[in-house]
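# Structure at a glance
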Amino acid sequence: MSANDFENLKYMTGFGNDFKSEDPRCPKALPAHQNSPQVCPYGLYTEQLSGTSFTTPRDKNSRTWMYRILPACKHQPFKPMDNGNITHNWEENESIPNQTKWNPLEIPSKKHDFLQGMSTVCGSGHPREKHGVSHYIYTCNTSMQDKCVCNADGDWLIVPQQGKLKIITEFGKMTVEPNEFCVIQRGIRFTVNVDGQCRGFILEVFDGHFELPELGAMGANGLANPRDFEVPVAWYEDRSVNGYTVVQKHQGRLFAATQNHSPFDVVAWHGNYVPYKYNLSHFMAVNSVTYDHCDPSVFTVLTCQSNRKGTAIADFICFPPRWAVQEHTFRPPYYHRNSMSEFMGCISGKYEAKTTMDEGCYSLHNMMTPHGPDAITYKKATSQGKLVPERIAEGCMSFMFETCFELAATKWALSQKVDQDYWKRWDDLPKNFNPNQKPQ
């Protein structure tokens with residue numbers, strides 16, 4: 001399989017498992033019964049990638065052992081490079097209490113790859129303290145040529161909205177397209193190939209790692225099932241390159257180093273610190289079957305928890321097609337002021353609670369910023385008469401990055417496709433109060 005071949009890819013399944021994989025071209029490349037033999041099979045080097053400290057409790061400890069042609073440390077010194085629109089300097093940016101919505105960001109015709117097309121929309125905290133989040137949008141129309149990127153600051157959760165991403169990691173290959181997402185964890189090198197115009201969103205967490213949410217009284221099953229997560233299988237290339245560029249994101253800045261070989265030379269590996277992907281169509285949605293509207297936390301796919309029990313550094317939430325069957329209930333999301341900040345995007349279709357939230361649109365409702373269904377949605381929901389079971393969000397998939405941080409929007413973001421009339425979506429809400437009306 002060549003570097004450009006992404007057909008019929010195989011995956012392993014599970015979440016948080018201990019996996020092992022070796023490229024079939026080199027059978028028995030994985031050492032038996034030990035991690036670091038004196039001499040590795042095929043003359044490979046041993047390298048461990050640690051996702052947590054050595055002494056992190058076993059149930060949270062993550063690491064992977066790699067067996068590669070050359071170790072990752074064989075490169076020229078890193079030098080600073082242009083950050084483009086990537087920033088974590090929130091003091092230069094604006095924290096806005098207004099409801100803010102963006103129309104779809106245009107994909108420039110000028111050739112630019114995944115990394116060149118990344119732009120920070122909003123965030124809080126700093127990777128130097130390993131505490132905070134950052135939200136990005138990306139556009140791209142060409143592949144990364146002899147270049148990879150490694151994020152030393154945190155984990156990236158990547159949500160394509162348009163176009164398929166063909167990703168090569170040190171662990172192997174995977175494709176990620178709209179209605180799927182992938183997580184590339186801290187320190188993993190990867191490159192992105194594309195066939196045309198692509199656009200999507202990225203959630204970065206500086207703290208820990210993403211995990212499945214607790215199910216509580218729901219029981220042992222539901223939401224995103226572990227068996228539906230997919231992990232790439234080992235694939236390597238032994239390729240000499242004159243000046244391969246390794247970009248590393250370090251304390252919010254980009255640095256570049258060159259080397260004379262492909263970094264995707266891992267012949268075999270084993271461990272539980274891996275990149276992975278998930279198809280949102282497999283999400284088992286839960287909702288009320290009697291009355292009232294459940295809190296959106298029931299749609300949590302993954303969470304990165306803080307030290308405060310039940311409070312997330314970030315939750316990744318999806319709103320898939322589903323049934324609404326509640327009786328005598330205002331079925332759209334309720335009007336809300338939240339102690340969390342909500343960044344929302346529409347992958348496909350039209351979000352059911354906002355008539356102008358089309359695919360490619362995204363919004364920010366910062367901490368305690370009032371929000372809820374627009375006037376058109378309110379009128380429709382309150383004038384239906386007798387409620388019957390109905391499918392909602394058919395043909396639509398929306399998501400939310402929810403965080404405990406107040407978020408500052410970047411100057412770049414506030415200069416790009418902001419819907420200046422967004423606030424008017426609530427301006428037509430009528431005053432229905434009648435003190436003389438007797439409740440039924």
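Computed from a predicted structure; not experimentally measured.

Summing up its helical and strand segments, the protein has one helix and 28 strands in all. Its C-alpha atoms give the protein a radius of gyration of 23 Å, near enough to 22 Å, the size a compact globule of 440 residues would have. Partitioning the contacts of the protein with sequence separation of at least 6, the portion at a separation of at least 24 is 77%. About 20,800 Å² of surface is accessible on the protein, with carbon and sulfur atoms providing 48% of the total.

The next subject is the environment of Phe343. Within the fold, Phe343 resides in strand E24 (residues 341-348). It is 8.5 Å that separates the C-alpha atoms of Phe343 and Phe399, two residues lying 56 residues apart in sequence.

To summarise the sheet geometry, strands pair through backbone hydrogen bonds and adopt either a parallel or an antiparallel arrangement. Here we have four strands laid out as an open sheet, ordered E2-E19-E4-E3, and antiparallel in their pairing. The outermost strands of the open sheet, each flanked by one partner alone, are strand E2 (19-22) and strand E3 (45-50). Neighbour to neighbour, the strand axes of the sheet diverge by 20 degrees on average, direction disregarded. Relative to strand E4 (residues 63-68), E3 is paired through six bridges, and the arrangement is antiparallel. Its bridge partner being in E4, Glu47 is matched across the sheet by Met66.

Next up on the list: the packing of aromatic side chains. What characterises a pair of aromatic rings is the spacing of the ring centres plus the angle enclosed by the ring planes. Counted according to the given criterion, the structure contains 26 aromatic pairs. Between Phe15 and Tyr276 the ring centres are 5.2 Å apart and the planes differ by 75 degrees, which places this aromatic pair in the edge-to-face class. Of the two residues, Phe15 sits in the loop between strand E1 (11-13) and E2 while Tyr276 sits in strand E20 (residues 276-279), which places them 261 residues apart along the sequence. With relative accessibility at 19%, the residue Phe15 sits in the buried group. Classification of Tyr276 as buried rests on a relative accessible area of 5%. With a centroid separation of 6.1 Å and 90 degrees between ring planes, the pair formed by Trp156 and Phe190 is classed as edge-to-face. Placement of Trp156 in strand E10 (residues 155-162) and of Phe190 in strand E14 (residues 190-193) is noted, with a sequence separation of 34 residues between them. The same class applies to Trp156 as to Phe190, namely buried. Ring-pair connections join several aromatic residues into one group, and the members of that group are Phe15, Trp102, Phe181, Phe201, Phe229, Tyr276, Tyr278, Phe316, Phe343, Tyr362, Phe399 and Phe401.

We now examine unusual backbone geometry. Although it is not a glycine, Tyr42 sits at a positive phi angle of roughly 65 degrees. Its place among the elements puts Tyr42 in the loop between E2 and E3. Residue class for Tyr42 comes out partly exposed when judged on its relative accessible area of 47%. The phi torsion at Met368 lies on the positive side, around 65 degrees, for a residue other than glycine. Mapped onto the secondary structure, Met368 falls in the loop between strand E25 (362-365) and helix H1 (375-382).

The next subject is the sheet that holds E24. Spatially, E6-E25-E24-E27-E22-E21 is the arrangement adopted by the six strands of the open sheet, whose pairing is antiparallel. Sheet topology places strand E6 (100-102) and strand E21 (300-305) at the edges, where each strand pairs with a single neighbour. Sheet twist, expressed as the mean angle between neighbouring strand axes with direction ignored, is 10 degrees. Sheet topology note: the E6/E25 ladder contains three bridges and is antiparallel. Across the sheet, residue Lys101 finds its bridge partner in E25, namely Ser363.

Moving on to the state of the cysteines. One pass over the full model with this rule turns up zero disulfides. Cys150 carries a free sulfur, and the closest cysteine sulfur to it, the one in Cys148, is 7.5 Å from it. We classify Cys150 as buried; its relative accessible area is 5%. No disulfide involves Cys396; its sulfur sits 4.3 Å from that of Cys346, the nearest cysteine.

With that out of the way, let us pick up the pattern of salt bridges. Counting across every chain of the model gives 22 salt bridges. For Glu390, the salt bridge is made with Arg331, and the minimal N-O distance between the two is 3.3 Å. Note that Glu390 is positioned in strand E26 (residues 390-392) and Arg331 in the loop between strand E23 (322-324) and E24, a separation of 59 residues in sequence. Among the residues examined, Arg331 registers a relative accessible area of 10% and is labelled buried. One network of salt bridges, in which partners are shared, links Glu47, Arg68, Glu170 and Asp265.

Of all hydrophobic cores here, the largest spans 95 residues; its most connected members are Phe114, Leu157, Ile158, Phe181, Trp269, Val301 and Leu302. Setting aside chain neighbours within four positions, we find Ile158 in contact with Phe114, Tyr138, Leu165, Glu180, Phe181, Cys182, Ile184, Phe190, Phe201 and Ile202.

Attention shifts here to the environment of Tyr11. Secondary-structure assignment places Tyr11 in strand E1. Note: C-alpha distance between Tyr11 and Ala408 (397 residues apart in sequence) is 38 Å. Of note is the side chain of Tyr11, whose polar atom sits 3.1 Å from the backbone nitrogen of Thr175.

Rules behind the numbers
- Residues numbered from 1 in each chain as written.
- Predicted model: local features only at pLDDT ≥ 70, side-chain atom pairs only at ≥ 80, totals over all residues.
- Heavy atoms only, no water.
- Helix = DSSP H or I, 4+ residues; strand = E, 2+ residues; numbered from the N terminus.
- Rg over C-alpha atoms; globule rule 2.2 N^0.38 Å.
- Contact = heavy atoms within 4.5 Å.
- Areas by Shrake-Rupley, 256 points an atom, 1.4 Å probe, with all protein chains shown as cover.
- Pairing = 2+ DSSP bridges.
- Axes fitted to C-alpha atoms, helices over the stretch in contact; angles between N-to-C directions.
- Phe/Tyr/Trp six-rings, centres within 6.5 Å; stacked < 30°, edge-to-face > 60°.
- Buried < 20%, exposed > 50% of the residue type's maximum accessible area, 1.4 Å probe, protein only.
- Disulfide = S-S within 2.5 Å.
- Salt bridge = Lys/Arg side-chain N within 4 Å of Asp/Glu carboxyl O.
- Core = buried A, V, L, I, M, F, W, Y, C linked by side-chain atoms within 4.5 Å.
- Polar contact = N/O pair within 3.5 Å; in protein donor to acceptor, adjacent residues only side chain to side chain.

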